[in-house]
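Geometric and topological summary
The lines below spell out each chain.
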Amino acid sequence: MLRSFSLRNVLSILVGFAVIASAAFAFQAKKGTRVHSTDPELRLKGYEQHQEMLKKSSTKDIKWQFAGPTNVGGRCIDVAVVSPKGRNYTIYVASASGGLWKTENEGTTWNPVFEQYPSAAIGDVAVSPSDPNILWVGTGEANIFRSSQAGCGLFKSTDAGKTWKQMGLTDTYTVPRIIIHPTNPEIVYAAATGHEWTTNNERGVYKTVDGGKTWQKVLFINDQTGAIDLVMDPKDNETLYAATWQRTRLRWNDPRNKPEYTGSGIHKTTDGGETWKAVNNGLPDAKFRGRIGIDIARTNPNVLYAFVDNYQRADSQAVGATDAYGRPSSGRIKGATVFRSDDAAGSWKQVSGLVDSTRRYMESLSATYGWVFGQMRVDPNDENTIYTMGLFLNVSTDGGKTFKQLRGMHVDHHGLWIDPDNSNYLINVNDGGAYVSYDKGKNWRSFTDKIPATQFFNIAVDMDTPFKVYGSVQDFGSFRGVIDISRGRDRIPAAKFDPAPGGEGSTHAIDPANPAIVYSAGFYGTITRSDVVKGTSKRLLPRTYEDEPAMRGEWVAPFMISPHNSNIIYHGMQYILRSIDQGNTWEQISPDLTYNTPSEMGDISYHTLTALSESPLRYGLVYAGTDDGKVHVTKDGGMHWQEIMEGLPYQKWVSRLVASSFELGTVYMTQNGKRDDDFTPYVWKSANYGKTWVDISKGIPLGPVNVIREDPRNKDILYVGTDCGVYVTKDGAKTWEVLGSGLPMAYVLDLAFQPRENFVVIGTHGRGVWALDASSLFKPRARRFMQEED
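Residues numbered from 1 in each chain as written. Predicted model: local features only at pLDDT ≥ 70, side-chain atom pairs only at ≥ 80, totals over all residues. Heavy atoms only, no water.

1. So, the overall build of the protein chain
For clarity, the threshold we go by: In this text, helices come from DSSP runs of H or I with a minimum length of four residues, and strands from runs of E with a minimum of two, each type numbered from the N-terminal end. Here's how the labels work: a residue is buried when its accessible area is under 20% of the maximum for its type, exposed when over 50%, partly exposed in between, all with a 1.4 Å probe on protein chains only. Should any heavy atoms of two residues lie within 4.5 Å, those residues are considered in contact. For accessible areas, the Shrake-Rupley method is used with a probe of radius 1.4 Å. Any residue's cover is judged against the shown protein chains and nothing else.
Across its full length, the protein chain carries two helices and 58 strands. Overall size of the protein chain, expressed as C-alpha extent along the three principal axes, is 80 × 60 × 55 Å. Per-residue burial for the protein chain yields a buried fraction of 65% across its 790 residues. Within the protein chain, residue pairs in contact and separated by at least 24 positions form 57% of the contacts whose partners lie at least 6 positions apart. Roughly 28400 Å² of accessible area belongs to the protein chain as shown, and the carbon and sulfur atoms make up 48% of that amount.

2. A closer look at the side chain of Ser396
You can see Ser396 is positioned in strand β26 (residues 393-396). Residue classification places Ser396 among the buried positions, given a relative accessible area of 0%. Those residues in contact with Ser396 that sit more than four places away from it in its chain are Asn384, Thr385, Ile386, Lys401, Thr402 and Phe403.

3. Some details on the state of the cysteines
Which entries qualify depends on this criterion: Two cysteine sulfur atoms form a disulfide, by the criterion used here, when they sit within 2.5 Å.
Under the definition given, this model contains zero disulfides. Distance from the sulfur of Cys152, which forms no disulfide, to the nearest cysteine sulfur (Cys724) is 9.5 Å.

4. As for the confidence of the model for the protein chain
To be explicit about the condition: pLDDT runs from 0 to 100 and stands for how confident the predictor is about each residue.
The pLDDT averaged across the protein chain works out to 92; a share of 92% of its residues lies at or above 70. Predicted confidence for residues 1-31 stays below pLDDT 50, and this span has 93 contacts to residues more than four positions away or in other chains. Taken as a whole, residues 784-790 scores under 50 in pLDDT and shows 21 contacts with residues more than four places along the chain or in a different chain.

5. Observations concerning the environment of Met409
Within the fold, Met409 resides in the loop between β27 (404-406) and β28 (413-418). Contact partners of Met409, with chain neighbours within four places excluded, come to Leu393, Asn428, Asn430, Tyr435 and Trp444.

6. Quick notes on the packing of aromatic side chains
Put simply, the rule reads: Aromatic rings from Phe, Tyr and Trp, with only the six-membered ring used for Trp, were paired whenever their centres fell within 6.5 Å, and each pair was classed as stacked if the ring planes differed by under 30 degrees, edge-to-face if by over 60, and tilted otherwise.
With the rule as written, the count across this model stands at 23 aromatic pairs. Between the aromatic rings of Trp252 and Tyr606, the centroid separation amounts to 5.6 Å while the plane-to-plane angle is 35°, which identifies the pairing as tilted. Separated by 354 residues along the polypeptide, Trp252 in the loop between β17 (236-246) and β18 (265-269) and Tyr606 in the loop between β43 (587-588) and β44 (609-614) bring together distant segments of the chain. Exposure class is identical for Trp252 and Tyr606. Each is buried. Plain terms: the ring middles of Tyr519 and Phe559 are 5.3 Å apart, the flat faces sit at 35° to each other, and that makes the pair tilted. With Tyr519 in strand β37 (residues 517-521) and Phe559 in strand β40 (residues 559-561), this residue pair connects regions lying 40 residues apart in the sequence. For the pair Tyr519 and Phe559, one class covers both residues: buried.

7. Quick look at the pairing of β44
Applicable threshold: By definition, two strands form a pair when at least two bridges between them are found by DSSP.
Burial analysis of β44 places six of its six residues in the buried class, which makes it a mostly covered element. Where β44 meets strand β45 (residues 622-626), five bridges bridge the pair, whose relative direction is antiparallel. Residue Leu609 lies in a different strand from β45, and its bridge partner there is Thr626.

8. Considerations on the side chain of Asp431
Condition: Counting rule applied: Lys, Arg positive; Asp, Glu negative; His and chain ends not counted. Salt bridges are counted wherever a side-chain nitrogen of Lys or Arg sits within 4 Å of a carboxyl oxygen of Asp or Glu.
Here Asp431 lies in the loop between β29 (426-430) and β30 (433-437). Buried charged residue Asp431 carries no salt bridge. Nearest counter-charge: Arg75, at 4.1 Å. Ignoring any residue separated from it by four or fewer positions in sequence, one finds Asp431 in contact with Gly74, Arg75, His410, Val411, Asp412, His414, Gln474, Asp475 and Phe476.

9. Focus: the nonpolar core
Threshold: We define the nonpolar core as a collection of buried residues of types Ala, Val, Leu, Ile, Met, Phe, Trp, Tyr and Cys that are connected through side-chain atoms lying within 4.5 Å of one another.
Ranked by size, the top nonpolar core spans 26 residues in total, and within it Tyr241, Ile266, Ile292, Ile294, Ala306, Trp348 and Tyr369 carry the most contacts. Of all elements in the fold, only β16 (225-233), β17, β20 (289-296) and β21 (304-313) reach the threshold of two or more residues within this core. Sequence-distant contacts of Ala306, that is, excluding residues within four places in its chain, are made with Ile266, Ile292, Gly293, Ile294, Thr337, Val338, Phe339, Trp348 and Met376. Counting residues in hydrophobic clusters, the runner-up holds 20 residues, among them Val658, Tyr668, Leu718 and Trp736.

10. Observations regarding the pattern of salt bridges
By the definition in use, this model includes 29 salt bridges. The salt bridge involving Asp603 is made with Arg256; its shortest N-O contact spans 2.1 Å. Here Asp603 is found in the loop between β43 and β44, whereas its partner Arg256 is found in the loop between β17 and β18, with 347 residues between them in sequence. According to the relative accessible area criterion, Arg256 is partly exposed, its value standing at 29%. In this structure, Arg489 engages Glu757 in a salt bridge whose closest nitrogen and oxygen atoms are separated by 3.8 Å. Placement of Arg489 in the loop between β34 (477-482) and β35 (498-499) and of Glu757 in the loop between β56 (748-754) and β57 (759-764) is noted, with a sequence separation of 268 residues between them. A network of salt bridges, in which partner residues are shared, links Arg251, Lys652, Asp676 and Asp678.

11. Overview of the sheet that holds β30
Spatial ordering of the open sheet is given by β28-β29-β30-β31, a layout of four strands whose pairing is antiparallel. The sheet terminates laterally at β28 and β31 (445-446), the two strands that pair on one side only. Bridge count between β28 and β29: five bridges; the pairing is antiparallel. Bridging across to β29, His413 finds its partner in Asn430.

12. Some remarks on the environment of Ala278
Mapped onto the fold, Ala278 is located in strand β19 (residues 277-278). Spatially, the C-alpha atom of Ala278 lies 7.4 Å from that of Gly265, the residues being 13 residues apart in sequence. In this view, Ala278 contacts Ile266 and His267; residues no more than four positions away in its chain are not counted.

13. Focus: helix α2 (residues 356-365)
Operational definition: Here the arc refers to the set of directions running from the helix axis out to each C-beta atom.
Where α2 is concerned, the buried positions are Thr358, Met362, Glu363 and Leu365. Here the buried residues of α2 occupy an arc of 155° about the axis, which is enough to place them on one side. Exposed side of α2, more than 90 degrees from the buried face: Asp356, Ser357 and Arg360 are the residues found there. Looking one or two places after α2, you find Ala367, whose phi comes out positive at around 55°.

Structure representation (structure tokens):
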């Protein structure tokens, strides 16, 4: 019978290391039922237990070392500045998944100031106008991109970021805007968009009048609609405008409007949130209103602008068009559309894209994923100068009628600060990091190399000397860097990384016999074989016949080199492809191994393979897992496949499979519940080829779990990477410890072990690559072969 977790019972706060609370996640669901949403208090308690485990870990004297890259940034979401400039040089930059960063010298140096808290995903940062020592951080990235992470509510600092206190709203998950009263810092408003994948009531606009001790929900629409933006009238602090957004992300579709949606729109209060009125006159109908960004003119508060992701069909939509990633498009929409009000939101009028010369510009401004952007700003000194953020930073000086791109920065823009005393001074944040301009956007100074918030999707190591690490990075592509231990195993320098084969979402595999040969499985399943010495490459993915179903590949599709022969490679789409000649020719060795549900085929590739592993002890013994929770094994190289899902939770994403190097019938698996807003740590072991599974997560306080690896020297040693850090067991999963110290709270998406040098290397989504010397941890154990079971 299929089982899944109920998250209502938890052990009491630990009395000793052996009773860490992950044991409290209990099974209680009927067959075919997917468990949703972890109790928010469990997440906070789980992180507290993680911190206690770190203090008691037997490995705490072994230090994680930041390896780089020092020349690649990461997605940043918001910026806050201590005013006035000239007397203050303090800037705060919120990264999407790498915490909060602070400079006190206008960017010469930056330091992390939010490293050891339950979430490193930031939605907004705000500085009190009346006391610059008071800061608020709203956690959780509200852009809900493919790699956005849930937050844990609001945090407050009263000492300029030295210390922080959690201030509630834990179950909001995403907080994109915080407004602090200009003269009374006890009054704070917070906009919350709620859970990304599931519905919940903890969304809307919240208000506190006692500095966060208590909160009142002052605007609520429904359990799918949250508040995505919020502005206050600069001349009347009782008047605020809120933009609401109805959305739920599906595994197979990005956020999109539905005909029955009524929640997205703009609302106004003139009594500090006591009452609200919908102010949508002149905007598209509710079913066409997607994400909305709003701002108000400081020089004339009657003037407001709304930046609407407009779902009305575009006149120029092309039949058979594709989206930004080459996938079939469901049709072009108008997308980025700017509206203006001159009567304090009494009515709105479209000002952008009214003529053919500007219509196409606006339709392409946010590409085919307008929900990721939606920010706009009005120049505080000129009501007709506005900025919109999409793929590029765009400026209009005629009230939104025409726009031009501001060049000189990375793409995909999410935040902008304009100095109220000097409109030439701009600070922008985007997927590359943070930038400053002193001449209104003509030239930019980059802080990419100062804020190492690099978002890795995967990690791989080669067998070269010195060894290199490969990985793919959100919005940058693939990179490789040297792990240099020549100065000492505990003195690895942070290094610049070089471009490597692959895209921004790629699995890498390096030929163990020839480190010049690199395979990269790009986003949605493309494959390339490269010779990095000769500088040559070849695309390998075979084409399907016209009467065959199109291949479906995951964003980071699974790919592996056979441990028995480096000329043999495997690649996972909805089925498994195998090549015995380095990808020159292919054969399909499995049927579709997913649920393959037609109603769940959308804009995003779903029902795809996510994990592959071949036993190092037996050629042709291959395990496969999918994003819809299916698991299969073949013992004969693909001639026969067996479903092995007894006792597993229903339709949980299989994040990793590892066939043991020591025992033939042993296999390890992790599953990730993120797409159900489920933070249970799912870690499994089977000793009989997957016939039955044993939960070995007891002692890991919090998930989701992204990766498991077996130590190549000792069968009892396992490493697990989670959205919190890295755990290790030395006794075959009877007990778990936090591995090492010095690692910030990090989303560890991948982990590799370099066997020659005995180093653990991790790829984090928000803090780059880290390495740990594992040479002194454990004594080796001999491999043991089991007799194969029928």
